[in-house]
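Okay, here's what each chain looks like letter by letter:
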Amino acid sequence: MSKEELKQKLMDLRLDSRGVKEVLKKRLKNYYKKRKLLQAKTKVPVGTDVFYDYLLVIDFEATCQQFNPANFKYEIIEFPIVLINTMDLTVEDEFQFYCKPVLNPKLTPFCTELTGITQAMVDKSPTFPDVLMEVEAWMSKRKVESSNFAVITDGPWDMGRFMYTQCQISSLPIPKWAQKWINIRKSYSNFYGCPRSKLTVMLDNLGMEFAGQQHSGIDDSRNIARIVMRMLEDGCELRINEQLFRRKMPDRDAGDDAEVVPVSKTDAENNSALECDSEGGCAGIPIKLAEKSIQHHCEHTAESLMKAEQLRHSSPQSTVKEIISSTDHLAASVGKISLDNSSSQVGSHASDDDIDDLLEYYKLQK
């Protein structure tokens with residue numbers, strides 16, 4: 001069907017007809033899927049996916065220069081949260097605090113122009129440890145911590161770089177809730193079948209416009225929240241898909257994105273995503289084994305990556321198991337797919353999205 005035909009069909013069904021062709025096609029497909037389940041007298045989920053009670057959209061703003069030098073220590077200067085109640089798809093509350101940086105207390109003109117955050121705004125604000133206490137108090141007041149909730153970010157950087165580096169600077173443990181999250185770019189791309197894109201492109205694909213000031217943490221979070229609610233309305237099942245792996249490689253700096261590893265949907269639903277311990281390792285993976293495995297495969301992944309990509313492009317009929325078999329050692333090292341001591345156990349739940357995550361992880365290490 002053409003885009004115009006899809007739009008007309010959605011309008012006939014009194015459904016939202018905004019968005020690019022991939023979005024419209026997914027929306028219509030989800031409608032027919034629900035109708036088919038009803039006809040088969042199969043229990044159909046009522047409304048949207050409510051695996052999580054709450055979703056916390058977070059988009060930090062951090063200190064920056066026009067050209068950040070190597071090993072630049074980012075400090076969080078805006079901590080915004082938009083709280084989504086999945087039961088009724090409403091924004092239940094918002095949280096926003098500015099933070100006073102300590103390593104680089106004077107903001108650059110570039111940072112102020114980019115974020116709209118002035119020197120006066122951060123000078124009168126508390127430092128990050130105090131703001132984090134405010135966050136915890138707010139979450140407790142909203143009874144978020146006693147519910148099933150997940151953090152949502154636009155990419156891996158907010159937790160994998162900014163939160164990670166800031167907690168090191170402030171000599172604080174990384175909050176448990178910040179160690180794993182939903183990367184909305186990845187979920188959006190997988191659900192609608194389109195390339196991973198920045199926030200404004202995702203909005204445009206859905207027929208929406210950015211509201212507010214770009215690179216304002218609270219405005220970015222509000223717009224991400226709009227995307228999240230639209231995806232849930234379209235039938236997306238959002239699950240944690242990334243987490244921190246805190247065991248450092250010798251040549252990596254504190255803020256390197258290689259600290260982020262993928263989480264499968266099955267592990268997310270079973271709440272078996274790895275948790276960082278106090279020594280920087282991850283539960284379920286011996287520290288030395290994990291470090292050795294990742295170092296080994298970072299040096300010997302070119303052939304496996306090439307094989308996996310060749311299988312994907314040269315033979316559409318290649319099974320997921322065949323592709324995973326070429327990368328299962330890395331999967332074992334990051335806990336992506338279960339392995340026992342004798343042979344690989346490629347899970348039947350593995351999907352093309354899992355393969356994309358593995359290939360992406362390889363590329364992060366190169």
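Our subject is the structure listed above.
Cut-off values and rules
- In every chain, residue numbers begin from 1 and rise along the written sequence.
- This being a predicted model, a pLDDT of at least 70 is required before a residue's local features are given, and a value of 80 or more before pairs of side-chain atoms are given or counted; all residues contribute to the totals for chains, interfaces and linings.
- Side-chain descriptors were evaluated using all non-hydrogen atoms of the structure, hydrogens and water having been removed beforehand.
- Pairing of aromatic rings covers Phe, Tyr and Trp, the last counted by its six-membered ring, and requires centre-to-centre distances within 6.5 Å; plane angles under 30 degrees mean stacked, over 60 mean edge-to-face, and any other angle means tilted.
- Going along the chain from the N terminus, every DSSP run of H or I of four or more residues is numbered as a helix, and every run of E of two or more is numbered as a strand.
- Three exposure classes are used, based on accessible area relative to the maximum for each residue type with a 1.4 Å probe and protein chains only: buried under 20%, partly exposed in between, and exposed over 50%.
- Definition used for salt bridges: Asp or Glu carboxyl oxygen within 4 Å of a side-chain nitrogen of Lys or Arg.

A short note on the packing of aromatic side chains
Right, on to step 1. Tallied over the entire structure, the rule returns 11 aromatic pairs.
Right, on to step 2. Pairing Phe60 with Phe79 gives two aromatic rings, centres 4.8 Å apart and planes at 90°, and the pair type is edge-to-face. Of this pair, Phe60 sits in the loop between β1 (54–58) and β2 (61–62) while Phe79 sits in strand β3 (residues 76–85), and the two are 19 residues apart along the sequence. Side by side, Phe60 and Phe79 carry an identical accessibility label, which is buried.
Right, on to step 3. For the pair Tyr74 and Phe162, a centre-to-centre distance of 5.3 Å together with 70° between the ring planes defines the contact as edge-to-face. On the criterion of sequence distance, the pair formed by Tyr74 in the loop between β2 and β3 and Phe162 in helix α6 (residues 157–169) is long-range, its members being 88 residues apart.
Right, on to step 4. Three or more aromatic residues joined by ring pairs form one cluster here, namely Phe60, Phe79, Phe95, Phe97, Phe128 and Trp138.

Quick look at the pattern of salt bridges
Right, on to step 1. In the structure shown here, the tally under the stated rule is 14 salt bridges.
Right, on to step 2. A salt bridge links Arg27 to Asp16; its shortest N-O distance comes to 3.9 Å. With a gap of 11 residues between them, Arg27 in helix α2 (residues 21–39) and Asp16 in the loop between α1 (3–12) and α2 connect regions that are remote in the sequence. Asp16 carries the same exposure label as Arg27, and that label is buried.
Right, on to step 3. Put simply, Asp234 and Arg230 hold a salt bridge, and the shortest N to O gap is 3.0 Å. Comparing Asp234 with Arg230, the two get one shared label, buried.

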